[in-house]
Amino acid sequence: MRVLIADGLAKEGASLLKQNSKIEVLPFDAIDRTELKEKLPQVDILIVRSRTQVDKDLLESGRNLKLILRAGIGLDNVDVPACTDMGVVVMNAPTGNIVTTAEHALAMIFAVSRHIPQADATLRSGKWEKKKFQGNELRGKTLGLLGLGNIGRTVAERALGLGMRVLAHDPYVSPEAAAKQKILLVGFDELLSSSDYVSVHVPLLKSTQHLLNSVALRKMKKGAYLINCARGGIVDEKALLEVLEEKHLAGAALDVFETEPLPADSPLLRCNDLVLTPHLGASTDEAQVQVSLEVADQIALYVEQGVLKNAINVPNVTLEQLNVIKPYVQLCEKLGAFATQAGPQTVKKIKVHYEGNISSLNRELLTLSVLKGFLAPVLSTTVNFVNARKLLKERGIRVEESFEHDCTDYNSLVELTVTGDDTFSCSGTLFGKEEARIIQVDHFNIDAIPTGYLLYTKNVDQPGVIGSMGTLLGTHGVNIARMHLGREPKKPEAIALINIDSEPSTVALEALRKVKGMLSVKSIKI
């Protein structure tokens, strides 16, 4: 696979990528957009940092793109919905700069508490203003964390070591989990009103845009400090300047801004109560190396083993999970491919039902496998785990899922029911550890291997039909590898699933349909 590095990558990670025989690396420190669009048609994987804007216009040039990897945490510059629409997996590298970003937030807390930048500037100008810059200890103060993810927890751990009291607000963390780290989980308003320092550690989403607006900032404790090393846009900069001018807050420290780079005429630059740094949160030698190694590892896992690590728009799969789930993924995909070719022409609903051990696995990935298998044989566009649901939604097809932990006859069972102008169902399981089998079609019990070319037939359950079918296929040069029959004594119909060695011709299929007693014939490729 061809991997293009758009915004540079530490040599340690780039070197690992180049050593992989399955990867061809196109490295750039800062490729311009025009050249990038020219090269994208031949690229499988694109690595970006914060500079390159991955939008719909750029994606239109990368029709062969399979993966976009952001070398860092934030995805502000990647249009994830557009990537999903085009079937492109999006990953980030969230762990490489955790410590570095957390340490920068703490450095900013020290800087505003002891007025370090201002004191340094006046000393360099020839002044000795010792009394003017008297500061505050951190010991005994309360630190409020907005967000208790990896970075927030790392900040908390170090702040506790400094003798600070730590509060946090995060609706996705339980009080019990926070308490284990000696952190008190509180509501948003209580955190603002009780904290001497508020440090932001949430992503930039629609729900967090201007989270700290004029109203919220005025709820903060008078004389408190605000620290933002997360994302620009979470803090309303205009409102922040107002509360600083009113002396409601003692100061603030910003590493990220609503517009980056920060414009030269920004009013933030004229405020003496602000400490500003140019998005340095992840800018350490150690973090850049760690992120590059994380990126190289993720790409190697994807290319060599199909493992999706830190994927944003598709379920993550670890190597351990993949080893267990892979045979079931293949079973589900085969069932989907069989159902779309054997079932009704018009489809309104697909229902996937799991029983037994399989119900405890990653059902989202398994259902996506069914949907991918269902769509791939009938669409010319790329269908994968990323865009399968969207493609079905566009076609007005509903997807339902159910499961039971118990299964009477097998360790695991997958049942697929397709409803449209008719209703069709099929069930499958694994024989042994890996062999996919279709065990039921439209309530006919059967034992068929879903692979290669197959014929699915329905016939009147009477003597001579199967014999005539075998003779006719031989006449047309089609060799039967396996034949699986299904019948029920109380039904006048029977079915057959026939594995054949080659694709049958149109002439052979038409001849089969004319066999006396034949009700339907469908050619299937899996």
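Look above for the structure.
Since this is a predicted model, take the numbers as computed values, not measurements.

So, how was this worked out
Residues numbered from 1 in each chain as written. Predicted model: local features only at pLDDT ≥ 70, side-chain atom pairs only at ≥ 80, totals over all residues. Heavy atoms only, no water. Disulfide = S-S within 2.5 Å. Buried < 20%, exposed > 50% of the residue type's maximum accessible area, 1.4 Å probe, protein only. Pairing = 2+ DSSP bridges. Helix = DSSP H or I, 4+ residues; strand = E, 2+ residues; numbered from the N terminus. Axes fitted to C-alpha atoms, helices over the stretch in contact; angles between N-to-C directions. Contact = heavy atoms within 4.5 Å. Expected span 1.5 Å × (residues − 1). Bend = angle between axes of the 7 residues up to and from the residue. Salt bridge = Lys/Arg side-chain N within 4 Å of Asp/Glu carboxyl O.

1. Quick look at the state of the cysteines
1) Next: All told, the structure shown has zero disulfides when counted by the stated rule.
2) Next: Free cysteine: Cys271, not disulfide-bonded; nearest cysteine sulfur from Cys229 at 17 Å.
3) Next: Cys426 supplies the cysteine sulfur nearest to Cys332, a cysteine that is in no disulfide, at a spacing of 10 Å.
4) Next: Among the residues examined, Cys332 registers a relative accessible area of 0% and is labelled buried.

2. Some points on the sheet that holds strand 3 (residues 45-48)
1) Next: Strand order in this open sheet of five strands is 2-1-3-4-5, and the pairing throughout is parallel. Edge positions in the sheet fall to strand 2 (24-27) and strand 5 (89-92), since each has one partner strand and no second. Adjacent strand axes in the sheet meet at a mean angle of 20° when their direction is disregarded.
2) Next: Of the pairings in the sheet, the one linking strand 1 (residues 2-5) to strand 2 comprises four bridges and is parallel in character. Bridging across to strand 2, Leu4 finds its partner in Leu26.
3) Next: Along the sheet, helix 1 (residues 11-19) contacts strand 1, strand 2 and strand 3; its crossing angle with strand 2, the most-contacted strand, is approximately 145°.

3. Concerning the pairing of strand 16 (residues 423-431)
1) Next: Across the nine residues that make up strand 16, a large majority, seven, are buried.
2) Next: Taken together, strand 15 (residues 412-420) and the strand that follows it, strand 16, pair antiparallel across an intervening segment of two residues.
3) Next: Two strands pair when backbone bridges link them, and strand 16 and strand 17 (residues 435-441) are joined in this way by six bridges, in the antiparallel orientation. Bridged to Cys426 within strand 17 is Val441.
4) Next: Where strand 16 folds back on strand 17, the antiparallel hairpin that results is connected by three residues, among which Gly432 adopts a positive phi of roughly 70°.

4. A short note on the environment of Val347
1) Next: Locating Val347 in the fold gives a position in strand 13 (residues 347-356).
2) Next: According to the relative accessible area criterion, Val347 is buried, its value standing at 15%.
3) Next: Sequence separation between Val347 and Gly163 is 184 residues, and the spatial gap between their C-alpha atoms is 63 Å.
4) Next: Residues within four places of Val347 in sequence aside, it is in contact with Phe374, Ile397, Val418, Thr419 and Gly420.

5. Observations concerning the sheet that holds strand 12 (residues 274-276)
1) Next: Taken in spatial order, the seven strands make up an open sheet running 8-7-6-9-10-11-12, and their pairing is parallel. Only two strands of the sheet have a single partner each, and these edge strands are strand 8 (184-185) and strand 12.
2) Next: Two elements, strand 10 (residues 225-228) and strand 11 (residues 251-254), share four bridges in a ladder whose sense is parallel. Paired with Leu226 across the two strands is Ala252, which belongs to strand 11.
3) Next: Contacts between helix 7 (residues 150-161) and the sheet are confined to strand 6 (142-146) and strand 7 (165-169), with strand 6 contributing the most and set at about 175° to the helix.
4) Next: In the packing of helix 11 (residues 237-245) onto the sheet, contacts are made with strand 10, strand 11 and strand 12, and the angle to strand 11 comes to roughly 150°.

6. Notes on unusual backbone geometry
1) Next: Residues Glu260 and Pro261 are joined by a peptide bond in cis, for which omega reads -5°.
2) Next: Within the fold, Pro261 resides in the loop between strand 11 and strand 12.
3) Next: Residues other than glycine seldom take positive phi values, yet His115 does so here, at roughly 55°.
4) Next: Tracing the backbone shows His115 in the loop between helix 5 (98-114) and helix 6 (116-124).

7. What to know about helix 13 (residues 319-342)
Because the α-helix completes a turn every 3.6 residues, residues three or four places apart line up on one side.
1) Next: Here helix 13 spans 34 Å end to end across 24 residues, near enough to the 34 Å set by a 1.5 Å rise per residue.
2) Next: Ile325 marks the point of greatest bend in helix 13, at about 50°, and the proline Pro327 comes within the next four residues.

8. Focus on the pattern of salt bridges
1) Next: Within the structure shown, the criterion is met by 30 salt bridges.
2) Next: One salt bridge in this structure joins Glu129 and Lys132, with 3.9 Å as the shortest N-O distance.
3) Next: Under the relative-accessibility criterion, Glu129 is labelled partly exposed at 25%.
4) Next: Lys219 is paired through a salt bridge with Asp189; the nearest N and O atoms lie 3.3 Å apart.

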